[in-house]
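This is what each chain is made of:
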Amino acid sequence: MSRIKYSVHRLGYITCNLLLMMAQEEGISYQELINLYLQDCVTSGCKLSVKRKLDEN
């Protein structure tokens, strides 16, 4: 697998590895996979569920 600049993309390690594996299976770059996924979300009207962890202090 190629190396991703996590600090630039700000994606988690697990997310990046999953995207890389999916992209390799499809024979496309991970950037293209992300673009296709986002386009699909826009056209299908899906909404992101955002849940934030509360700091346990």
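This is a predicted model, so every value here is computed, not measured.

Chemist: Could you give me a rundown of the overall build of the chain, with the residues and numbers involved?
Modeler: Looking only at helices and strands, the chain has 3 helices and 0 strands in total. Taken from N to C terminus, the helices and strands of the chain fall in the order α-α-α. Residue burial in the chain is summarised as follows: out of 57 residues, 16% are buried.

Chemist: Can you tell me about the packing of helix 2 (residues 13-26) against helix 3 (residues 30-44), naming the residues and giving the values?
Modeler: Packing of helix 2 against helix 3 brings their axes to within 8 Å, and their N-to-C directions diverge by 95°. Accordingly, the angle class assigned to the pair helix 2 and helix 3 is roughly perpendicular. Taking contact as the criterion, the partners of Leu19, Leu20, Met22 and Ala23 in helix 2 are, on helix 3, Tyr30, Leu33 and Ile34. Along the lines of polarity and charge, the residues of the contact of helix 2 with helix 3 split into 7 nonpolar, no polar and no charged.

Chemist: Which residues make up the nonpolar core, and what are the values?
Modeler: Core analysis: the biggest nonpolar cluster contains 5 residues, these being Leu19, Leu20, Ala23, Tyr30 and Leu33. Taken together, the elements giving at least two residues each to this core come down to helix 2 and helix 3. Ranked by residues supplied to this core, first place goes to helix 2 with 3 residues.

Chemist: Outline helix 2, supporting the account with residue identities and numerical values.
Modeler: Relative to the 20 Å expected for 14 residues at 1.5 Å per residue, helix 2 spans 20 Å between its end C-alpha atoms, a close match to the ideal helical length. Of the positions making up helix 2, those classed as buried are Cys16, Asn17, Leu19, Leu20 and Ala23. Considered in projection along helix 2, the buried side chains sweep an arc of 160° and stay on one side of the axis. Turned more than 90 degrees away from the buried face of helix 2 sit Ile14, Glu25 and Glu26, all of them exposed. Directly beyond the C-terminal end of helix 2, a positive phi value near 75° is found at Gly27.

Rules behind the numbers
Residues numbered from 1 in each chain as written. Predicted model: local features only at pLDDT ≥ 70, side-chain atom pairs only at ≥ 80, totals over all residues. Heavy atoms only, no water. Helix = DSSP H or I, 4+ residues; strand = E, 2+ residues; numbered from the N terminus. Buried < 20%, exposed > 50% of the residue type's maximum accessible area, 1.4 Å probe, protein only. Axes fitted to C-alpha atoms, helices over the stretch in contact; angles between N-to-C directions. Parallel < 35°, antiparallel > 145°, perpendicular 65-115°, else oblique. Contact = heavy atoms within 4.5 Å. Nonpolar A, V, L, I, M, F, W, Y, C, P; charged D, E, K, R; others polar. Core = buried A, V, L, I, M, F, W, Y, C linked by side-chain atoms within 4.5 Å. Expected span 1.5 Å × (residues − 1). Arc of directions from axis to C-beta.

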